[in-house]
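Secondary and tertiary structure notes
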Amino acid sequence: MTQVRPTPAASASLWERDEELAAVERALDTLCADESSSGSLLVLRGEAGLGKTALLSETRRIAEARGCTVWSARGSETLSSVPFNVVRQLLQPALLSLMPEEAREYLGDWYDIAGPALGITDPGERQADPQGVCDGLVAAVRRLARRDWPLVLLIDDAHWADQETLRWLAAFAERLDDLNVLVVVARRPGEVSGDSARHLDAVAATGSSVANLSALTPEATAGLTRATLGAHADAPFCREVWAVTGGNPYETVELLAKVQDSEFEPTESAAGELRALNRSARGGGLVARLETLGIEATRFAWAAAILGTGISVDLVAELATMSLDDAVRCADLLRTARILTEPDPAGVQPDDGELQFVHPLIATAVYNSIPDALRTAMHGIAARVVTDNGHSAAVAARHLLEVHPDSDEELVEQLREAAREHLAVGAPDAARRCLERALVEPPLPEVHARVLYELGCVTLLSAPATTVDHLQTALAMPGLEGDERVDAVHRLSQALLHNDQLEEAVRTVEAEAARQPAGPAKLRLQAVQFMWEGIHAGEATSPGRSARLADLAGTCTGRDNSERALLILRGFDAMARGENSEEVVELCDRALVNGRLAPGLGWTDPEWGLELPMMLASSYAYTDRLDRAETLYHEGLRAYESAGWSGGHLALAHAYVGLAHRRRGRLREAEASLRKSLALAERVGRRLPLHWSATCNLVDTLLARGHVDQAWQVAEEYGFAPPYPSTIVLPDPRSVRGRLLLAVGRTKDGINELEAAEKAAAVRGHHNPVLVPWTVDLARALANEDPARAARLATDVRRHAERFGTDTAIGEALRCAAALETGQRAVRLAEQAVTYLEASPCQYEHAAARVEYGIAARSSAELRRGLTLARSCGADGLVAQAEAALLSGVV
């Protein structure tokens, strides 16, 4: 602290804040110097009343004096349950100043995704993806920042911001290196826990500067006292001001205002009055002072505290049941008493109303002073008032959450409607709170099961164990029948799957299918059962599953989605087992309608989920129909991007697009897609199947490129090691892990891993040598140690490859056999491998076969052809191998 007295333009609350203001000045210097410079984030942390708001106001003044655009917002203790409340405050003014077509132009593809959350457009019919909405909000600020540079964002009381805003703020802070924006966040330490605390900690971790504000020193308090009351304020009086307020700037300013109102002299003889005056400025003293203004003024203040935002005299009058004239008079009284004030015009938001509380401490004290029963009743009235004034059920929901349970059928329906509105804008946590409150009401018996079902759908991914309880209870009650009951059973099985209870998921669906009569519902449940068994990587599959699936699918013509689902499942099972590839393709083709996914089976259709199109595309990918697989994978990617689903679904889509590139031999493109997938998967969480898919495919691709060190680094960093997930990952992670261990020289560990892959594949009956390629790598690894076993493995892989019948499978089997031979036999086998792989769509394998054949045949022409192919694939390891062979004179 370099000086005691602030600059003349600064407010009293800015005493001893020179270091913080200097940090603001430096950040503004950087912001305004170069439009292409990186953004920065300042965090102001301090207890209530230490001057955070004053620092933000001064930041606004300085920034606007430099020609900056400034947007501001503020969290509120009573509004923390309102999703997107704070980010709407920030962005709405800028967006509402645009014509709708201008806003759409600025936001581009994100308009329909982020627009509903911002309240500038109506939501679509489909549930919004929270991560997609978050990304859309980041994109919105990115695009608007380019238009409004230099841009400053101010967020006050961030500890009371809604969780959706904090999620956005944490994501936005991570991207500030690419955004020339200054963000200043003020918050109290502590105050919140759980996800909100985690998001705030993430924001602080990315901050360029974190200032922990302290109370005023005795010297500063004395200076402030004399500046306010006059230089004649004596030292004992000034010391008592500091002792009474603890140097809290807000309390000091309020106390000195009371001294001015009392008109007594600031001398030692009057110092004894300060404690009583200070008590009247806060807490119970504030409430007592409020009561002296009269019953009507108190009711007005209570109503304002209930509303929390959009405090207009007419709304408060309606809520407080008083005439407009009386309300105007009360508002004047409360302004004079420094309880309410008019909003600062510089920071006013569209829905701020005509009034706001002078300080959050006052708002909290007034709200807490309302008798409990009356507060509950007033929230009920407020819900009606805001609804009558044209606001939605979602806006009224924060009041409905506070109403006392009373078996109110209408309130339950309002909360259900609010939950649907929250889901439509990407706020599932807010929807969950509404439905949980609806259950407390409680709903009518005939509605109860539906509310539980709706709640189960909301918590499916975030809390699968809770979802299981909700859905099991719902299914045990009357109220869910027909398709709705089948949907609930499907959801329950999904929750059990996510909760690592696969066997119970299968039993649940099997039991419900048994009680259904023959028809589409029964067939759908049977398909779901086979689907869960089909994606499980363990030993839970019931005996004879493949035979039963084949029998059931044999009766299907593809006339409805249940039959189409069974055809897809049968095709995937046959592909994994290594049955004839032409029959696999014929099954998959029968599941399509005019060569496309049927309505209801699409990537974003909720009835079946993404598993079926993923299985269908993967069946094509491993039967050498890569054109069809790529079409489906890219269709899924486009569907998720256009729908704004940028969480786990988009991570999987990028992973499988990467898999298609890898199968094609486009290794550079594969790596790029897979790194995108892994970055998205990291945001969702580790050890999930989608994270395994991204990591496994990336390691596999890096090994194909010859980047062994990078592959090992990825494996170590992202936990690509046992234990493996309970669901199938493509390609087989044990096989990829075994190949990685061999590549880094851990031969024994690699052999053990590949033998574990052998056992796991045997349990599942998976004999497709391309899907689960342990055999080829194990045979090569055992060539010197156990040549007899290696030869048997090579024979087995060729037998399975010829049964499967694809050029890739047979060519890879011949490559393996050639690697175990010498002399002319090795040359002949290598030449045959080239012939098959030349006809295959898998260019990397073709390049590898060419290089190996060129070395075996001592043919520089073949080596050069292999080298050209390897370069086009981005297979740097193969390139080095071919170049070394050419340089060494082997040919």
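See above for the structure.
Residues numbered from 1 in each chain as written. Predicted model: local features only at pLDDT ≥ 70, side-chain atom pairs only at ≥ 80, totals over all residues. Heavy atoms only, no water.

The next thing to look at is the overall build of the chain. Regarding its fold elements, the chain presents 44 helices and 7 strands. Projected onto the principal axes, the alpha-carbon positions of the chain cover approximately 110 × 70 × 50 Å. Residues classed as buried in the chain amount to 56% of the 891 residues present. Seen as two clouds, the 90 positive and the 125 negative side-chain charges of the chain have centres 7 Å apart. (Helix = DSSP H or I, 4+ residues; strand = E, 2+ residues; numbered from the N terminus. Buried < 20%, exposed > 50% of the residue type's maximum accessible area, 1.4 Å probe, protein only. Lys, Arg positive; Asp, Glu negative; His and termini not counted. Charge placed at Lys NZ, Arg CZ, Asp CG, Glu CD.)

Turning our attention to the pattern of salt bridges. In a structure, side chains of opposite charge can pair up when their charged atoms sit close to one another. Considering all chains together, one arrives at 63 salt bridges under this definition. Residue Glu635 is joined to Arg596 by a salt bridge in which the shortest nitrogen-to-oxygen separation is 3.6 Å. Here Glu635 is found in helix H31 (residues 626–643), whereas its partner Arg596 is found in the loop between helix H29 (581–590) and helix H30 (611–621), with 39 residues between them in sequence. Of the residues examined, Arg596 reaches a relative accessible area of 52% and is grouped as exposed. Taking the shortest distance from any N to any O, the salt bridge between Glu755 and Arg789 comes out at 2.7 Å. Of this pair, Glu755 sits in helix H37 (residues 747–764) while Arg789 is found in helix H39 (residues 787–804), placing the two residues 34 residues apart along the sequence. Within the structure, one salt-bridge network assembled from shared partners comprises Arg662, Asp700, Arg739, Asp777 and Glu845. (Salt bridge = Lys/Arg side-chain N within 4 Å of Asp/Glu carboxyl O.)

Our focus in this paragraph is the pairing of strand E3 (residues 151–156). It is a general feature of regular strands that their side chains alternate between the two faces of the sheet. Most of E3 is tucked away, with 6 of its 6 residues classed as buried. Because side chains alternate across E3, one face comprises the buried residues Leu151, Leu153 and Ile155, and the other comprises Val152, Leu154 and Asp156, equally buried. Sheet topology places strand E2 (residues 69–74) next to E3; 6 bridges connect them, and they run parallel. Its bridge partner being in E3, Thr69 is matched across the sheet by Leu151. With 5 bridges joining them, E3 and strand E4 (residues 181–187) adopt parallel strand pairing. Across the sheet, Leu154 pairs through a bridge with Val184, a residue of E4. Regarding topology, helix H7 (residues 163–174) serves as the crossover connection from E3 to the parallel E4, and that connection is right-handed. (Pairing = 2+ DSSP bridges. Right-handed = clockwise from strand over helix to strand, strands pointing away.)

Attention now moves to the environment of Ala819. Here Ala819 is to be found in helix H40 (residues 807–819). Residue class for Ala819 comes out partly exposed when judged on its relative accessible area of 40%. Along the backbone, Ala819 and Ala856 are 37 residues apart, and their C-alpha atoms lie at a distance of 9.4 Å.

Over its 17 residues, helix H18 (residues 372–388) runs 25 Å from end to end, which matches the ideal 24 Å to within 8%, given 1.5 Å per residue. Residues of H18 that are buried: Arg375, Met378, His379, Ala382, Ala383, Val385 and Val386. Along the axis of H18, the buried residues cluster in a sector spanning 170°; they form a single face. Among the exposed residues of H18, those pointing more than 90 degrees away from its buried face are Ala373 and Asp388. Check the buried side of H18 and you find it contacts helix H14 (295–307), helix H15 (313–319), helix H17 (360–369) and helix H19 (393–400). Of the residues trailing H18, Gly390 is marked for its positive phi of about 95°. (Expected span 1.5 Å × (residues − 1). Arc of directions from axis to C-beta. Contact = heavy atoms within 4.5 Å.)

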